[in-house]
Protein chains: 2
Amino acid sequence: MDINKPQKVTSVLPKRRQDVLRWDGWGYKDCKFVCEKERVSFVGDRYPISGRMDNFRDWARGIFNVDLTKYNPAAVQPTTFPKAVRNEVFLRGLSKNGIDYSDDGMDRLVRSHGQTLTDVENLRKHKYKRIADVIVWPNCHDQVVQIVELANANDVALIPVGGNTSVSMASTTPAIHDRTIAVVDMTQMNRLMWLSEENLMACFEVGIIGQDIERELGKLGFTLGHEPDSHEFSTLGGWIATRASGMKQNRYGNIEDLVLRVKMVTGNGVLEKQFTAPRVSIGPDFDHVIFGSEGTYGIVTEAVVKIRYAPEVRRYESLVFSDFETGVHFLREVAEQQMQAPSMRLIDNIQFKCAMLLDPVANWYTGIVEALKHFYLTAVCGFDMDRIVAVTLLFEGDAENVTQHMQGVYAIAKKYGAVKGGEYNGRKGYTLTFLVAYIRDFAWDLNIVGESFETSIAWDKCITLCANVKACIRRECERRGIKYFAVSSRVTQSYDAGCCVYFYLLFKHLDIPEDSLKLFMEIEEIAREEILACGGTLSHHHGVGKLRSKWYPDCVSQVGVGLYRAVKKELDPKNIFAAGNLVRQEQQQQQQQEVNKT
Amino acid sequence: MDINKPQKVTSVLPKRRQDVLRWDGWGYKDCKFVCEKERVSFVGDRYPISGRMDNFRDWARGIFNVDLTKYNPAAVQPTTFPKAVRNEVFLRGLSKNGIDYSDDGMDRLVRSHGQTLTDVENLRKHKYKRIADVIVWPNCHDQVVQIVELANANDVALIPVGGNTSVSMASTTPAIHDRTIAVVDMTQMNRLMWLSEENLMACFEVGIIGQDIERELGKLGFTLGHEPDSHEFSTLGGWIATRASGMKQNRYGNIEDLVLRVKMVTGNGVLEKQFTAPRVSIGPDFDHVIFGSEGTYGIVTEAVVKIRYAPEVRRYESLVFSDFETGVHFLREVAEQQMQAPSMRLIDNIQFKCAMLLDPVANWYTGIVEALKHFYLTAVCGFDMDRIVAVTLLFEGDAENVTQHMQGVYAIAKKYGAVKGGEYNGRKGYTLTFLVAYIRDFAWDLNIVGESFETSIAWDKCITLCANVKACIRRECERRGIKYFAVSSRVTQSYDAGCCVYFYLLFKHLDIPEDSLKLFMEIEEIAREEILACGGTLSHHHGVGKLRSKWYPDCVSQVGVGLYRAVKKELDPKNIFAAGNLVRQEQQQQQQQEVNKT
């Protein structure tokens, strides 16, 4: 099954994405949590969850002291927009080359942000100071080359975007006021260029979104296997620029493991290895200059990726452990034995409870079953319901291998006193990943601010990190008089040498959400300092963007920053890729001034 | 079992390496093939092979028409050496900082070359034009920093070396005549700095050689698992600078997979990520600027590597297939099912025969056994003895996993009509790897030039590549009137997307070995062009060095070369790391002139 000619892919998302996606938050317009007459439910049929959520509501009400009568989901779509800085020569150049663009206000707005709470707040309150002046839609590599030439010639700033799902403010329009900012929306470049079954390789234009990749490959019997939480909306190019990681990295690897060859249009020509090979020793591998460049060196246009045959079997499972520490030790031993399931995540007690409750209102039967489970876990296993945690698992492969793999993992789990939690809970845990951002937006409607942040850490520091960061957050909340809050952690990826940890903080405090958000940002910053002090890293896969750029120099040292700048100067001498990520905006501007002087 | 303090490691190799190693070729002084009274034998007891090799001799005599009476192993150790370009200020600076150095002729000579045939020929015939002026032995990271400062201040060129085993002329002293060339011998920096069992990480000074790493880790119950063919003599730092690959990469990964953190002293400060983590998304990963930099950006001093528990079981096995093509298809399916044994190599018919014959003279019993095997393979299996090939396998792990893994591999082998070749042949194939360079040097003594060169290639082009390159070499040999030659290939590493292929060419032609060598170089160059034309790469793991630098720009494009240079200028503004690898010497000199002008 080889493909030798470019194949058009019809995306589930239209070019006018605002027709299907929310303009003021995460996800599909037709899917959301709603609160009516103090009843919470999830509407929409895109996810295997729907209906009333009374248990969840009661639990959340208990923790956050929420007043459901104050539910306020309304945000008014703007009708006026910041005045565009127009560059007529640039626009004429686009037209001349037949390159599609728009200066419609909503087109500009929905591509000028990411998905941090700050982005969402700015959208809802119309507080954005700067948005894109024009949106450009290239339809092939050559058009990107033309756009870059035009930008170089006319001092236009280019911001490449895919799904605008960044949570580092990498895709948030930077505060540049003296130049036209053109956002290059890559989503119309989404063809499958070729596919080789013998080599298990496929070449895509990188504007293709995750769910389109899997659907198209699935039709042909293949899978890519890269599933970040944003997978429904984010693009291959975004993953490359962010150095993304997926939930199934244990089996398929991270984005840098999956990509064999990548093409980037820089401000100084096309950067691309001139061969497609499994592995080489030909000097420094400059693909790694592309991974993680966050739009500041150029625009990624095409990538050759490894693919695999779609697995015969997908099995969800879950395991319950007495406490978080035991769960971490279990994951560590699984990693040491290199027995990781494709996805394997440890959720702490709060998330465990939350997941249990995030079911439609329990009926009589499930009530009985839950009571029996409770009895079994506490009376028979001696577990404390306020301490137990769960590991959700996903196995993939042919039936025999999956069975063998599961037996191997269970044998290790047994040593750590695990109780099987069943397939249903495993699958639910996996599904909930895609709902986290919907919950966050719903919480916001109830005046609860909530957000996650992640890190990676060596195994020996994982438990201390989780304890210290949680303690730090509690302390900071209490110091600020925040009575109603929840802090939680999960381990989402396992490696030989360590793991990825997510923290979640939610609280309800002030009546003005934006003031709560300010508090949140303060606390998150202190928590990040604590993470770094505990040996954690600035980011496992979210990237640096603008949100975390203040810490970038400390992570890579001044020699690293110098190297970043030298590469930037070589690849983008006119600083057209002025997103201002990684190295702070003011530093970029300084560099720009130096360029202008010479 | 944690180690928190630096541990001195006593190397099997002394600081005066010429006391134990040959100065004029590969390997230990006390191990070699010799020919006495037309009898060939291997002396020395470091390898599980010794004694007379009558079968091998007869086979080689048949192919190469060797006149054993013309065996000439003698090379006269020089007593005079090229005059050193002295830089007194630099030397005084070394002394002042307590840094050890030598300007002894043999000390200089044995660190001024690599292990290509050209290097060996130059040594034996005293034809080296330029050797190191001084050898410097730092004993810690800080001394390297001091050496680099002194070199920057005094316009001294620095060439870092480890075991001088390079086969790309990367460690061959470049033709710089106006500056002192100091070779920085890293082998005295070989401490185990710390080890963490919980994280399965260890930090080494990178001057440690492969066999010392494995022995020291072995004592503690661990292994690194990186085994390039040069593993007995090459260093961790050399592997990093070369972007090396080991025989067991299927299980342990290549060097870039094994190294978690690396420290390099550049001409502009120390480049090092400021954290030790399993994986991050913090901008471009500049470690990949260090991997493959071939001594041209700086000196690697320390590295944190992943380690594993030493396997409970090591099992060698071998499989016999009807022909090379079938062997490739087998490897491809094993890769597709991700069932690769830690080491798994396909040798073609010539190497198969050669390996069979490279046993001490067969006795009556083995003669019978061999005849029976021959009968079985030809009459029962229908194999053609002039076409059969073998795959040698090494399995590692606990007993149960190894058994399971072997069963999985055998199940695939069965589909391809394989016959088990037994443990003895598997082990022998593995051992022979370490003897290849000894054979090459011995052949040279018999006026046969022989050398290998490698590439990596996508699966679908592997068979065509092997056929075309062999045909090309045969054609070029015949065109030159070379009657006695052998050309052979093996597949040494398997990946999802392709494999690594080695080619071997040996011939006997002219009575003057150096003229034969010139012919060899011509043919190798044409073969390399053929490799590239067939979609193969410039190198899988040997690197570019000086030998293959003419093709470097075509591999990375001019944008890539520009990027290489921009990084070079940033990290080494005074071009003290003037080894002249990757980008050709004349280009480096041009750059140097530009530096001098400014």
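Here goes a summary of the coordinates provided. Everything numeric here is computed off the predicted structure, so don't read it as measured data.

The rules we used
- Residues numbered from 1 in each chain as written.
- Chains lettered and ligands numbered in written order.
- Predicted model: local features only at pLDDT ≥ 70, side-chain atom pairs only at ≥ 80, totals over all residues.
- Heavy atoms only, no water.
- Buried < 20%, exposed > 50% of the residue type's maximum accessible area, 1.4 Å probe, protein only.
- Core = buried A, V, L, I, M, F, W, Y, C linked by side-chain atoms within 4.5 Å.
- Contact = heavy atoms within 4.5 Å.
- Pairing = 2+ DSSP bridges.
- Helix = DSSP H or I, 4+ residues; strand = E, 2+ residues; numbered from the N terminus.
- Axes fitted to C-alpha atoms, helices over the stretch in contact; angles between N-to-C directions.
- Expected span 1.5 Å × (residues − 1).
- Least-squares fit on C-alpha atoms with pLDDT ≥ 70 in both.
- Nonpolar A, V, L, I, M, F, W, Y, C, P; charged D, E, K, R; others polar.
- Salt bridge = Lys/Arg side-chain N within 4 Å of Asp/Glu carboxyl O.
- Polar contact = N/O pair within 3.5 Å; in protein donor to acceptor, adjacent residues only side chain to side chain.

With respect to unusual backbone geometry
Now for step 1: Backbone geometry places E38 of chain A, a non-glycine residue, at a positive phi of 60 degrees.
Now for step 2: Residue E38 of chain A is classed as partly exposed on the basis of its relative accessible area of 34%.
Now for step 3: Residue H126 of chain B is not a glycine yet carries a positive backbone phi of 55 degrees.

Remarks on the nonpolar core
Now for step 1: With 144 residues, the main nonpolar core has F90 and L158 of chain A together with F90 and L158 of chain B as its most contacted residues.
Now for step 2: Excluding residues that lie within four positions of it along the chain, L158 of chain A makes contacts with F90, I147, V148, A151, A182, V184, I299, I576, F577 and A578 of chain A.
Now for step 3: L117, L465, I473 and I531 of chain B belong to the second-largest nonpolar core, a separate cluster that totals 51 residues.

Overview of the sheet that holds strand β7 (residues 181-185) of chain A
Residues and elements named next belong to chain A.
Now for step 1: Spatially, four strands are ordered β4-β5-β7-β6 in an open sheet, and the strand pairing comes out mixed. In this open sheet, the two edge strands, each paired with only one partner strand, are β4 (100-102) and β6 (157-161). Ignoring which end each strand starts from, the neighbouring axes of this sheet average 25 degrees apart.
Now for step 2: Sheet topology places strand β5 (residues 134-137) next to β7; three bridges connect them, and they run parallel. Note on β7: the bridge partner recorded for I135 is V183.
Now for step 3: On the sheet, helix α2 (residues 88-96) packs against β4, β5, β6 and β7 and is oriented at approximately 25 degrees with respect to β5.
Now for step 4: Sheet strands in contact with helix α5 (residues 141-154) are β5, β6 and β7, and its direction is about 150 degrees off that of β6.

Re helix α5 (residues 141-154) of chain B
Residues and elements named next belong to chain B.
Now for step 1: Over its 14 residues, α5 extends 20 Å from the first C-alpha to the last, a length consistent with the 20 Å expected when each residue adds 1.5 Å.
Now for step 2: Taken together, the buried positions of α5 are occupied by H141, Q143, V144, I147, V148, L150, A151, N152 and N154.
Now for step 3: A positive phi of about 55 degrees marks D155, the residue just after α5.

Quick notes on the relation of the copies chain B and chain A
Now for step 1: Here chain B sits on chain A after a turn of 180 degrees about the axis and a move of 0.0 Å along it, with an RMSD of 0.0 Å. Such values leave the two copies arranged in the relation of a two-fold axis.
Now for step 2: A symmetric contact is evident, with 100% of the interface residues of chain B recurring at the interface of chain A.

Side note on the packing of helix α1 (residues 54-64) of chain A against helix α12 (residues 349-357) of chain A
All names here are of chain A.
Now for step 1: The interhelical angle for the contact between α1 and α12, taken along N-to-C directions, is 145 degrees, at an axis separation of 7 Å. The segment α1 lies against α12, with N55, F56 and W59 engaging I350, K353, C354 and L357.
Now for step 2: Here the contact of α1 with α12 is composed, by residue class, of five nonpolar, one polar and one charged.

So, the pairing of strand β21 (residues 498-508) of chain A
Residues and elements named next belong to chain A.
Now for step 1: Counting buried residues in β21 gives 10 out of 11 residues, a clear majority hidden from the surface.
Now for step 2: Bridge count for strand β19 (residues 448-458) against β21 is 11 bridges, and the pairing is antiparallel. Among the inter-strand pairings, F453 is bridged to a residue of β21, identified as F503.
Now for step 3: Bridge analysis of strand β20 (residues 484-494) against β21 gives 10 bridges, and the strand direction is antiparallel. Bridging across to β21, Q493 finds its partner in C500.
Now for step 4: Hairpin geometry of β20 and β21 is characterised by an intervening segment of three residues between the two adjacent antiparallel strands.

So, helix α6 (residues 210-219) of chain B
Residue and element names in this part refer to chain B.
Now for step 1: Counting buried positions along α6 gives seven out of 10 residues, so the element sits mostly inside the fold.
Now for step 2: Three or more residues of α6 are buried, namely G210, Q211, D212, I213, E214, E216 and L217.
Now for step 3: Summarising the contacts, the buried residues of α6 are in contact with β8 (192-196), β9 (201-205), β10 (222-223) and α7 (236-242).
Now for step 4: G221 sits one or two residues past α6 and shows a positive phi near 90 degrees.

What about the sheet that holds strand β3 (residues 51-52) of chain A?
All names here are of chain A.
Now for step 1: Here we have three strands laid out as an open sheet, ordered β1-β2-β3, and antiparallel in their pairing. Among the strands making up the open sheet, the edge pair consists of β1 (32-36) and β3.
Now for step 2: In this sheet, β3 lies alongside strand β2 (residues 39-43) in antiparallel orientation, the contact comprising two bridges. Residue pairing in the sheet places S41 in a bridge with R52 of β3.
Now for step 3: Packed onto the sheet, helix α16 (residues 436-445) meets β1 and β2 and runs at close to 30 degrees relative to β1.

Examining the interface of chain B and chain A
Now for step 1: Counting from both sides, the interface comprises 79 residues of chain B and, opposite them, 79 residues of chain A.
Now for step 2: Run the count over chain B and chain A and you get eight salt bridges.
Now for step 3: Ionic pairing is found between D496 of chain A and R308 of chain B, a salt bridge with its closest N-O pair at 2.7 Å.
Now for step 4: With 14 residues, helix α19 (residues 552-571) of chain B is the single largest residue contributor to the side of chain B that touches chain A.
Now for step 5: Among the residues making up the side of chain B that touches chain A, the classes are represented as 36 nonpolar, 26 polar and 17 charged.

Details of the side chain of S488 of chain B
Residues and elements named next belong to chain B.
Now for step 1: Along the chain, S488 turns up in strand β20 (residues 484-494).
Now for step 2: At a separation of 2.8 Å, a polar atom in the side chain of S488 contacts the side chain of D348.
Now for step 3: There is a polar contact of 2.7 Å between the side chain of S488 and the side chain of Q351.
Now for step 4: Apart from residues no more than four positions distant in its own chain, S488 is found in contact with D348, I350, Q351, K470, Y502, F503 and Y504.

Here we look at the pattern of salt bridges
Now for step 1: Within this structure, the stated rule accounts for 94 salt bridges over all chains.
Now for step 2: Where R61 of chain B meets D58 of chain B, a salt bridge forms, and the shortest distance between an N and an O atom there is 3.8 Å. Of the two residues, R61 of chain B and D58 of chain B are both situated in helix α1 (residues 54-64); the distance of three residues between them amounts to about one turn of the helix.
Now for step 3: Residue D58 of chain B is classed as partly exposed on the basis of its relative accessible area, which comes to 38%.
Now for step 4: Between R243 of chain B and E256 of chain B there is a salt bridge whose closest N-O contact spans 3.7 Å. Residue R243 of chain B is found in the loop between α7 and α8 (249-252), and its partner E256 of chain B is found in helix α9 (residues 255-258); the two are separated by 13 residues along the sequence. A single burial state applies to R243 of chain B and to E256 of chain B, both of which are buried.
Now for step 5: One connected set of salt bridges, linked through shared partners, spans R243 and E256 of chain A together with K273, R279, D285 and D287 of chain B.

Describing the environment of L465 of chain A
All names here are of chain A.
Now for step 1: The topology assignment puts L465 in helix α17 (residues 459-479).
Now for step 2: Placed 44 residues apart in sequence, L465 and H509 show a C-alpha to C-alpha distance of 26 Å.
Now for step 3: Not counting residues within four places of it along the chain, the set of residues in contact with L465 comprises T455, I457, V501, F503, I531, C534 and G536.

Some points on the pairing of strand β9 (residues 201-205) of chain A
All names here are of chain A.
Now for step 1: Of all five residues in β9, five are buried, a share of seventy percent or more.
Now for step 2: Side-chain alternation along β9 places M201, C203 and E205 on one buried face and A202 and F204 on a second face that is also buried.
Now for step 3: The pairing of strand β8 (residues 192-196) with β9 spans four bridges and is antiparallel. Residue pairing across strands places W194 opposite C203, the latter belonging to β9.
Now for step 4: In terms of strand pairing, β9 meets strand β13 (residues 298-306) through five bridges, oriented antiparallel. Across the sheet, E205 pairs through a bridge with E302, a residue of β13.

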